[in-house]
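Close look at the chain arrangement
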Amino acid sequence: MNRTKGDEEEYWNSSKFKAFTFDDEDDELSQLKESKRAVNSLRDFVDDDDDDDLERVSWSGEPVGRRTRPGSFQSLSDALSDTPAKSYAPELGRPKGEYRDYSNDWSPSDTVRRLRKGKVCSLERFRSLQDKLQLLEEAVSMHDGNVITAVLIFLKRTLSKEILFRELEVRQVALRHLIHFLKEIGDQKLLLDLFRFLDRTEELALSHYREHLNIQDPEKRKEFLKTCIGLPFSAEDSVHIQDHYTLLERQIIIEANDRHLESAGQTEIFRKHPRKASILNMPLVTTLFYSCFYHYTEAEGTFSSPVNLKKTFKIPDKQYVLTALAARAKLRAWHDVDALFTTKNWLGYTKKKAPIGFHRVVEILHKNSAPVQILQEYVNLVEDVDTKLNLATKFKCHDVVIDTCRDLKDRQQLLAYRSKVDKGSAEEEKIDAILNSSQIRWKN
């Protein structure tokens, strides 16, 4: 969409826009990939009289954010005034209050230096293409990203897009700044035109995909995502686009069904635990948690089945078990937790196995107020002895501590633990019986 001058100025004044660095990856798929982008605001220009106060980085063409200091201008409109800047020093022979306009005497180099210091100045005097390009070259050579972007805004407003694109194609530093700026202000139309001109098909596809963020209606968003399938993405991104479409398609079906069940009031899980939010547009892991919470026992053939989600989106075992454990423990469904870690071998023998490690299982169970008997069972399954003792002590699993000290033949540690249990308790009696046993050869 086309942006007005006011929209462009908001870029400089709003804290919602982040600074550009060349280390940033394009994160258009963040909802699906479930990663967070670091957000850094583009800071205003400052007077650089105090070099120690400036943020310095080795120059690689990226904008350099600066802290606002007294005397700096607060908005782009202050810096790029449409009227010539005035000198505020009264001249001899002039009545007080009269000022002389020096802006027409400034060269591109002078103008860029003034911009860098946050001084008010107009770019309107640069009318020829040669002057405008020289201004841009000076801005790039100054190594100040804010100034580069300020000049690019002026060129974007005063040059045809064909000429602008042609000149930036051979000026890669300025080109990268313009691409970043257009992304930040949401000028998708000009950005798409630029990528077409540069024949950058993958970025063109990503920019097209990014437009789904502006579509609020779930059905319309789903149909738009369908148009993205088959665009020239990388192999990895193509998979994510397909998964995004499939996930939203599932969420729409699940949401409609669950809203009906909840309003009918006949399903126990929805009566006891009313939904706090819609599942629409949620990340994949959130959708899996929701499914494990409300639809854990459903057959694999249903869209809302956790097992169905796991297979459809190839969710790793560790992620599935961790999410299912969190959901079932929150509901205090201890039988489901037990079944989650119970496996059978070909002879029919059962044993407990946890792809995420039993120490993590214990932490999650304790967080969800599991009974001590259940905690003790899983603490006992921790293989590392020191970790087992630390967890057992931390969560007051007395029997595990006592039995482990006995097995280690560590009399001193058992004596020390005796002081931590209640006097006259069953645990104290158990410790005394072990300490008095003649069957144990203590190591200390």
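Along each chain, numbering runs from 1 in the same order as the chain's sequence is written. Given that this is a predicted model, residues contribute local features only at a pLDDT of at least 70 and side-chain atom pairs are listed and counted only at 80 or more, while totals for whole chains, interfaces and linings are drawn from all residues. With hydrogens and water set aside, each side-chain value is computed from the structure's full complement of heavy atoms.

Taking an unreviewed UniProt entry as the reference, the protein is identified by name as Spermatogenesis-defective protein 39 homolog belonging to Suricata suricatta.

Some thoughts on the overall build of the protein
Note on conventions: DSSP H or I runs of at least 4 residues are helices, E runs of at least 2 residues are strands, and numbering of each starts at the N terminus. Assigned secondary structure in the protein consists of 23 helices and two strands. A separation of at least 24 residues holds for 56% of the contacts in the protein among residues at least 6 apart in sequence. As displayed, the protein has an accessible area near 24400 Å², and 49% of this comes from carbon and sulfur atoms. Residue contacts are counted whenever heavy atoms from the two residues lie within 4.5 Å of one another. Using a 1.4 Å probe, the Shrake-Rupley method yields the accessible areas, and only the shown protein chains count as cover for residues.

Structural notes on the pattern of salt bridges
Basic side-chain nitrogens of Lys or Arg form a salt bridge, by our definition, when they fall within 4 Å of a carboxyl oxygen of Asp or Glu. Across all of its chains, the model carries 29 salt bridges by this definition. Note that Asp193 is salt-bridged to Lys161, the shortest N-O span being 2.8 Å. Pair noted here: Asp193 is in helix α9 (residues 188-198) and Lys161 is in helix α7 (residues 161-169), with a separation of 32 residues, a long-range link. Relative accessibility decides the category of a residue: with a 1.4 Å probe and only protein chains considered, values under 20% of the type maximum give buried, values over 50% give exposed, and everything between is partly exposed. With relative accessibility at 16%, the residue Asp193 sits in the buried group. By relative accessible area, Lys161 is classed as partly exposed at 31%. Taken together, the shared-partner salt bridges in this structure form one network comprising Asp399, Asp403, Arg406, Asp407 and Lys430.

Structural notes on the packing of aromatic side chains
For this analysis, a ring pair means two rings from Phe, Tyr or Trp (six-membered ring only for Trp) whose centres lie within 6.5 Å, classed as stacked if their planes differ by under 30 degrees, edge-to-face if by over 60, and tilted for the remaining angles. Summed over all chains, the structure comprises nine aromatic pairs. Ring centres of Tyr209 and Phe233 lie 6.5 Å apart, and the angle between their planes is 90°; this geometry places the pair in the edge-to-face category. Here Phe233 lies in the loop between α11 (218-228) and α12 (235-264) and Tyr209 lies in helix α10 (residues 201-210), a separation of 24 residues in the sequence. There is no split in this pair, since Tyr209 and Phe233 are both buried. Seen from their ring centres, Tyr290 and Tyr294 are 4.9 Å apart, and the 50° between their planes marks the pair as tilted. Here Tyr294 and Tyr290 lie together in helix α14 (residues 284-294), a separation of four residues that amounts to about one turn. Of the residues examined, Tyr294 reaches a relative accessible area of 14% and is grouped as buried. Every member of this aromatic cluster is reached through a ring pair, and the members are Phe270, Phe289, Tyr290, Phe293 and Tyr294. Sitting over a ring, as applied to charges here, requires NZ of Lys or CZ of Arg to be within 6 Å of the ring centre and within 35 degrees of the ring normal. For Lys310, the ring lying beneath its charged end belongs to Tyr320, and the centroid distance is 5.9 Å.

Looking at the nonpolar core
Counting residues in each nonpolar core, the largest one holds 55 residues, and the members touching the most others are Leu325, Phe341, Val361, Leu365 and Tyr378. Apart from the residues lying within four places of it in its own chain, the contact partners of Leu325 are Val337, Leu340, Phe341, Ile356, Val361, Ile364 and Leu365. Take the buried Ala, Val, Leu, Ile, Met, Phe, Trp, Tyr and Cys residues and link them wherever side-chain atoms come within 4.5 Å; each set so joined is a nonpolar core. Membership of the second largest hydrophobic core comes to 33 residues, among which are Val147, Leu152, Leu159 and Phe181.

As for the confidence of the model for the protein
The quantity called pLDDT is the predictor's confidence in a given residue, expressed from 0 to 100. With 76% of its residues at a pLDDT of at least 70, the protein reaches an overall mean of 79. The secondary structure element of the protein with the lowest average pLDDT is helix α3 (residues 76-79), at 40, and the one with the highest is α14, at 97. Every residue in residues 11-101 is under pLDDT 50, and counting partners more than four places away or in other chains gives 189 contacts.

Structural notes on the side chain of His398
Along the chain, the position of His398 falls in helix α21 (residues 398-407). For the purposes of these results, a polar contact is taken to be a pair of N or O atoms within 3.5 Å, where, inside protein, one atom must be able to donate a hydrogen and its partner to accept one; residues adjacent in sequence count only when each atom of the pair is a side-chain atom. Within the structure, His398 has its side chain in polar contact with the side chain of Tyr417 (distance 2.6 Å). Beyond its immediate chain neighbours, meaning those up to four positions away, His398 contacts Gln376, Tyr417, Val421 and Glu427.

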